[in-house]
Amino acid sequence: MLRELSITDIVLIEKLTVSFGDGLSALTGETGAGKSILLDSLALALGARGDASLVRKGCAKGQVIAIFDAPGNALDPDMLDEAGLELEAGEPLIMRRVQSSDGKTRGYINDQSVSAQMMRTIASQLVEIHGQHADRALVDISTHRQLLDSFGRLQSTVASVGLAHTTWAGARRAAEDHRRMMEEAKRELEYIQASSDELAALNPQPGEEDALSATRTKMMQSEKVAGDLSDAIEVLIGNNSPVPQIGGLLRTLERKADGLPDVLPAVNDHLGQALDHLAEAQMMLEHAANDAEFDQRALDETEERLFALRAASRKFNVSVETLPALAVEFADQLTAVDDGDAKLAVLEKEEAETREKLSARCAELTKLRQSAAEELEDTVNAELPPLKLERARFIVHFETDPEKPGAHGCDEIEFYVQTNPGSNPGPMMKIASGGELSRFLLALKVVIADRVSAPTLVFDEIDTGVGGAVADAIGARLARLASSVQVLTVTHAPQVAAAASSHLLISKKEVSPELVATAVHVMDETERQEEIARMLSGASVTDEARAAAARLLQQ
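So, here's what we can say about the structure. The numbering scheme is per chain: residues are counted from 1 as the chain's sequence reads. Restriction of local features to residues with pLDDT of at least 70 applies here, the model being predicted, together with a cutoff of 80 or more for giving and counting side-chain atom pairs; totals for whole chains, interfaces and linings are based on all residues. Values shown for side chains rest on all heavy atoms present in the structure; no hydrogens or waters enter the calculation.

Two strands pair if DSSP finds at least two bridges between them. Secondary structure counts use DSSP, requiring at least four H or I residues in a row for a helix and at least two E residues in a row for a strand, with both numbered from the N terminus. Bridging between strand β1 (residues 2-10) and strand β2 (residues 13-19) involves six bridges; their strand directions are antiparallel. What sits directly across from Ser6, in β2, is Thr17. In sequence, β1 turns back onto β2 through a hairpin of two residues, with Val11 there showing a positive phi of about 50°.

As C-alpha cells, this is what we get:
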C-alpha cells in the first residue's frame, strides 16, 4: 500500500510530505487548491510522462517520492529480476522521480536507476488510478479479458490453453519447415543430387584438413632430411671419397714400417682407426637414410587430397571444416524428397491433432468465459441503480473467431455499456460520459476487488455532477472497496468525504506576497465536521450545515 508521498518543488508545492493509512482516505479542498497537483505528482512518481512545466517556478528541478510498504507479494518476481531489483521480506519499495526544468527526467526504485517504462510496469501492479480521463486505468482493452478471467477464476484454464497453443505452434512450425525444405529440394533436385554425389565421392571427414596439412609438413621436412643424409653418404662413398686415398696411404706406409720402426707403426694405427671410424659413420648414415626414407608418392597423394578438399570448399563457398556437414545436409534433402511425403503426412497429422485439442480447449474456455460474463454483468448491473444508472446496462462484449486460436483463446473481450434503453451498446470508454464512466468503473471495481485489484486504488472526482443519494451510494461503495484494498479519493461530495476513515484537506497558503504553496492537513473529527459543512453550504458555513455534517459523519 502507498504509505507516503513526498513532493519537492512541483508546481505550487514547495515541500510536502503526506502519509496515507489503510481504508478510505478522502482528499478535499476548494477548487484550485492543488488536489490535481497531488495526483499528477503521484502519477509522475509512478512513471508517467514528465513535463518541464511541473517544476516550480524559479527551481532547477522537482522531485516526487512514493513509498510503498512491503509490496513483495503484489509484484511479479520475473519482472523484478528483469529490473535487477531484489526486495527482502518486509522491505519497502521507494519510487523516486526527478523532473528537471529542461524537460529531462530520471527515475529510481530503491535508489537503483530504472527507465520510466519499468517504473510504469511495476507501478501498474501497485496502483490503479480511475477518473474521467482517457489516460487512466482500464483503457487498455486487453485488461478486460484478464479481468473477466480473474473474476471467473479461469487462470488455470487459460494456462492450459496457452500450453495447448504452444504445442500446436511447435507442430505447425515443424510441418511448415519440412514442407519448405521439400519444396526447396524439389526445385534444386538436379543440383542437390550432383552435389551430394560429389561430396559422397570426396567423403570429407571432420578435422581432415588439419591432419593432412600436418602430414604434408612432416613429409616435406623428411624430404629435406633425407637429402642431407644422402649428400653425407655421397661424401664418404662417392668419387671424391677420402676412404680409398687413406686406404692406399695406409698400405704404402705399412710396407715401409720397418724403415721407421719408431714412427710408422703408430701412424698406421691411427690411419687404420680412421678407416674403421669412417666405415662405421657410413653404416650409421645408411641406417639413418633408410629410416628417413622419403615417399614422394605419399606426399603427392596428400597434396592432391588437400587440393581436392580446398577446391570443393571454394566451389560450395564454405570452409573445408564445414564440408562434412554440407554433405549430410544434401543427403538429408535427398532423403526428404524420397521420404518427404510420408514424413509430411505424419507432421501434418500431428499438427491437425494438436490444433483439434487447442480448439477444444478454446471452446471450453469460451463457454466458461460466457458463464463468467453473465455473472459479471448481473453483479455489476445490480450496482448501477443506486449510482443513478438505473436505465443503463453493463455488457461483456464477445468477438469469438474459432479459426484464429491464440495463447489466450479465441475471444476478444471488451466492456460495453448501454446508457439508455433503445440506444446502441458500445465500448465503455467511448459511450459513457465522464461522470458515467467513473460510476461504471466504480461498480466494476466493487464487484471484482476481492478477486483482482491493485493494492491501492485512486479515484479522481468520480462523484462529479452527482449529489444526494447517488453521492451516498458512491461513498458506500468506496468504503466497501476500502475493506479489502487501500482507496484514495479526490472528492467534492460531502457524502463521500464522510464515508472516509481518513480526511485530508488540501489548501493554499501564502509563502510571500508573490508566492503561494499547497498544503495538506490531516483533520481531526471537529475539523472534518467543519470541512464537510463547508462542502454542504459553500463559503458561509451555517449551523444547519454543521448539523447535517454531524449526521453524515454519524451515519
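For the rest of this paragraph, the subject is the side chain of Gln486. Take Gln486: it is sitting in strand β13 (residues 486-490). Each residue's exposure class comes from its accessible area (1.4 Å probe, protein chains only) as a fraction of the maximum for that residue type: buried when under 20%, exposed when over 50%, partly exposed otherwise. The buried category is assigned to Gln486, whose relative accessible area is 0%.

What follows covers the side chain of Glu531. Residue placement: Glu531 occurs in helix α16 (residues 525-537). Judged by its relative accessible area of 6%, Glu531 is buried. Within the structure, the side chain of Glu531 is placed 2.7 Å from the side chain of Arg534, a separation counted as a polar contact. Any two residues whose heavy atoms approach within 4.5 Å at even a single point are treated as in contact. If we ignore the near neighbours within four places in the chain, the residues touching Glu531 are Thr28, Gly29, His503, Leu505 and Met523. Pairs of N or O atoms are called polar contacts if they sit within 3.5 Å, as long as, within protein, a hydrogen donor faces a hydrogen acceptor (for residues adjacent in sequence, only side-chain-to-side-chain pairs).

This part takes up the nonpolar core. Among buried residues, the Ala, Val, Leu, Ile, Met, Phe, Trp, Tyr and Cys ones that are joined through side-chain atoms within 4.5 Å form a nonpolar core. Residues Leu376, Phe394, Val396, Leu442, Ile474 and Leu478 are the most contacted members of the largest nonpolar core, which totals 55 residues. For this core, the element with the highest residue contribution is helix α13 (residues 434-448), accounting for nine residues. In this structure, Leu442 is in contact with Leu387, Phe459, Ile462, Ile474, Arg477, Leu478 and Leu481, ignoring residues within four places of it in sequence. In this structure, Ile10, Leu42, Leu75 and Val114 belong to the second largest nonpolar core, which totals 43 residues.

Turning our eyes to something else, we now look at unusual backbone geometry. Notably, Asn110 is not glycine yet its phi reads approximately 50°, a positive angle. Judged by relative accessible area, which is 24%, Asn110 ranks as partly exposed. Phi is positive for Asp111, which is not a glycine, with a value near 65°. As for its placement among the helices and strands, Asp111 is situated in the loop between β6 (105-109) and β7 (112-114). What makes Asp111 exposed here is its relative accessible area of 65%.

What follows is about the sheet that holds strand β9 (residues 393-400). What the three strands build is an open sheet, ordered β9-β10-β11; its pairing is antiparallel. Each edge of the sheet is formed by a strand with only one pairing partner; in this case those strands are β9 and β11 (426-427). Set on the sheet, helix α4 (residues 142-151) makes contact with β9 and β10 (411-418); between it and β10 the angle comes to about 95°. Axis lines are fitted to C-alpha atoms, over the contacting stretch for helices. Their N-to-C directions set the angle, which ranges from 0 to 180 degrees.

It is worth spelling out the environment of Ala473 at this point. With respect to the helices and strands, the residue Ala473 is situated in helix α14 (residues 468-481). Judged by relative accessible area, which is 7%, Ala473 ranks as buried. Counting along the chain gives 86 residues from Ala473 to Leu387, while the straight-line C-alpha distance between them is 6.0 Å. Residues contacting Ala473, with those up to four places away along its chain left out, are Pro386 and Leu387.

Turning next to the sheet that holds β6. Spatially, β2-β1-β4-β5-β6-β7 is the arrangement adopted by the six strands of the open sheet, whose pairing is antiparallel. A single partner strand is all that each edge strand has here, and the edge strands are β2 and β7. Direction aside, neighbouring strands of the sheet carry axes that sit 15° apart on average. Looking at chain direction, strand β4 (residues 61-68) and strand β5 (residues 93-100) are connected through eight bridges and run antiparallel. Following the sheet pairing, Val64 is matched in β5 by Arg97. Sheet strands in contact with helix α1 (residues 35-45) are β1, β2, β4 and β5, and its direction is about 105° off that of β1. Packed onto the sheet, helix α3 (residues 116-123) meets β5, β6 and β7 and runs at close to 140° relative to β5.

Right, let's talk about the pairing of β13 for a bit. Summarising burial for β13: five of the five residues are buried, a large majority. Where strand β3 (residues 24-28) meets β13, four bridges bridge the pair, whose relative direction is parallel. Across the sheet, Leu27 pairs through a bridge with Val490, a residue of β13. Relative to β13, strand β12 (residues 456-460) runs parallel, the two sharing five bridges. Residue pairing across strands places Asp460 opposite Val490, the latter belonging to β13.

Patch definition: residues with relative accessible area over 30% and no salt bridge; like charges joined within 9 Å; nonpolar side chains (Val, Leu, Ile, Met, Phe, Trp, Tyr) joined within 5 Å. Only the protein chains shown count as cover for residues, with accessible areas throughout obtained via the Shrake-Rupley method and a probe of 1.4 Å. Any carboxyl oxygen of Asp or Glu within 4 Å of a side-chain nitrogen of Lys or Arg constitutes a salt bridge here. Taken together, the side chains of Leu260, Val263 and Val267 make up a nonpolar region of the molecular surface, amounting to roughly 230 Å² of accessible area. As for its placement among the helices and strands, Val263 is situated in the loop between α8 (243-255) and α9 (264-291).

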